Amino acid sequence: MGKVGRNEPCPCGSGKKYKKCCLPKESVTSAPAQAASNAMMDARLMAQRLMGQTEEANRTMDIVFDKYTLEDDGAAAKLKRLGTFQDGRVSVEESGRKLAEIDLNVPGEANLMCADPEIADVLKSRLESVRGVSFVSRTEDQFEPLDEKAKARVSQDLLNFKKKFFRAWPDEKNERLDGKTPREAVTSAGGRKEVEKLVAELESKEKKLPRKERFDFKGVRKTLGL
């Protein structure tokens, strides 16, 4: 993601994929939004960020994307036990190193992303041994190192996108808020508490990003009176 690809969690915090949540609302004429919503835009950097391998930015990377179908919720529950589950994704780790990530945000699907084809093969065998999980397809992409100019462009595009996105966010309906907009939700004590929690979660995620990509939520807080 990262970085805000079509299949990444929507920045609004709804838990849905961006393509099924706020992407349709964005103007196709907006260059930053269009760039940020393109899953293949500087996909190497997106993959590195997701896999926690930004220190390997100076070598070519082979990224594997495996798609699986899940027969039922039981199959999804079994996959969650393969690693640490958070925000609809399973982080598969070994000896403190992140090996892969399994996206379970789409009902009936599991999408695995791995930065090592050999490890992907091992995990493929592990997933196929789980009852109710069936392998569908594999896509492999090779990404060359990004130069500093490209990295800077990605960072600026992402920040511009988020500035535009969060200007409209207070008036966008959000499933986390029972279908209300953040502006509507803050009018009640319970709703205000949920909005505060959601904004805090979004701020926490921003703090994990490089400084040049971080969005400052002070304006959003001021708009909502938080």
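Owing to the predicted nature of the structure, the values given are computational and were not obtained by experimental measurement.

Participant: How should the overall build of the chain be read in this particular structure?
Facilitator: Counting secondary structure elements, the chain contains eight helices and six strands. In the chain, the order of α-helices and β-strands from amino to carboxyl end is α-α-β-α-β-β-β-β-α-β-α-α-α-α. Counting every atom, the chain has about 12,100 Å² of accessible surface; 48% of that belongs to carbon and sulfur.

Participant: Got a minute to help me understand the confidence of the model for the chain in this structure?
Facilitator: Predicted coordinates in regions of low pLDDT should not be interpreted in detail. When pLDDT is averaged along the chain, the result is 75, and 70% of the positions lie at 70 or above. Note that residues 25-57 has pLDDT below 50 and, in this model, 86 contacts with residues that lie over four places away or in other chains.

Participant: Where do I start with helix α7 (residues 189-207) in this structure?
Facilitator: Each turn of an α-helix holds 3.6 residues, which means side chains three or four residues apart point in the same direction. Taking 1.5 Å per residue as the helical rise, α7 with its 19 residues ought to reach 27 Å, and the 27 Å between its terminal C-alpha atoms agrees with that figure. For α7, the complete set of buried residues consists of Gly-191, Val-195, Leu-198, Val-199, Leu-202 and Glu-206. Considered in projection along α7, the buried side chains sweep an arc of 95 degrees and stay on one side of the axis. Across α7 from its buried face, at more than 90 degrees, point the exposed residues Ala-189, Lys-193 and Lys-207.

Participant: Help me out: how do you make sense of the pairing of strand β3 (residues 89-94) in this one?
Facilitator: Strand direction decides the pairing type here: strand β2 (residues 84-86) and β3, joined by three bridges, are antiparallel. Among the inter-strand pairings, Phe-85 is bridged to a residue of β3, identified as Val-90. One ladder, built from six bridges, connects β3 with strand β4 (residues 97-103); its direction is antiparallel. In the strand pairing of β4, Val-92 is matched with Ala-100. In this structure, the hairpin formed by β3 and β4 is closed by a connection of two residues, where Ser-95 is found at a positive phi of approximately 55 degrees.

Participant: For this particular structure, what's the right way to read the packing of aromatic side chains?
Facilitator: Any aromatic ring pair is given by two values, namely how distant the centres are and how the planes are angled relative to each other. Enumeration over the complete set of coordinates arrives at six aromatic pairs. Both rings, one in Phe-166 and one in Phe-215, keep their centres 5.0 Å apart while their planes meet at 20 degrees; by these two values the pair is stacked. Taken together, the positions of Phe-166 in helix α5 (residues 148-168) and Phe-215 in the loop between α7 and α8 (218-224) put the pair 49 residues apart, joining distant regions of the chain. In this pair, the class of Phe-166 matches that of Phe-215, namely buried. Aromatic side chains Phe-166 and Phe-217 sit 4.9 Å apart centroid to centroid with 65 degrees between the ring planes, which places their arrangement in the edge-to-face category.

Participant: What should I look at first to understand the nonpolar core in this one?
Facilitator: A general trend in soluble globular proteins is that nonpolar side chains are found buried together. Membership of the largest hydrophobic core comes to 21 residues, with the highest contact counts inside it found for Leu-70, Leu-79, Ile-102, Leu-112 and Val-133. Elements represented by at least two residues in this core include exactly β1 (61-70), α3 (73-80), β3, β4, β5 (109-114) and α4 (117-128). The element contributing the most residues to this core is α4, with four residues. The residues contacting Ile-102, other than those within four sequence positions of it, are Leu-82, Gly-88, Arg-89, Val-90, Val-92, Ala-110, Asn-111, Leu-112 and Leu-127. Counting residues in hydrophobic clusters, the runner-up holds 16 residues, among them Val-186, Leu-198, Phe-217 and Val-220.

Participant: When you look at unusual backbone geometry in this model, what are you seeing that I'm missing?
Facilitator: If a residue is not glycine, its phi is most likely negative; likewise, a peptide bond is most likely trans. Backbone geometry places Asp-178, a non-glycine residue, at a positive phi of 60 degrees. Structurally, the position occupied by Asp-178 is in the loop between α5 and α6 (182-185).

Participant: When you look at the side chain of Arg-89 in this model, what are you seeing that I'm missing?
Facilitator: Note that Arg-89 resides in strand β3. At a separation of 3.2 Å, a polar atom in the side chain of Arg-89 contacts the side chain of Glu-101.

Definitions and limits used
Residues numbered from 1 in each chain as written. Predicted model: local features only at pLDDT ≥ 70, side-chain atom pairs only at ≥ 80, totals over all residues. Heavy atoms only, no water. Helix = DSSP H or I, 4+ residues; strand = E, 2+ residues; numbered from the N terminus. Areas by Shrake-Rupley, 256 points an atom, 1.4 Å probe, with all protein chains shown as cover. pLDDT = per-residue confidence, 0-100. Contact = heavy atoms within 4.5 Å. Expected span 1.5 Å × (residues − 1). Buried < 20%, exposed > 50% of the residue type's maximum accessible area, 1.4 Å probe, protein only. Arc of directions from axis to C-beta. Pairing = 2+ DSSP bridges. Phe/Tyr/Trp six-rings, centres within 6.5 Å; stacked < 30°, edge-to-face > 60°. Core = buried A, V, L, I, M, F, W, Y, C linked by side-chain atoms within 4.5 Å. Polar contact = N/O pair within 3.5 Å; in protein donor to acceptor, adjacent residues only side chain to side chain.

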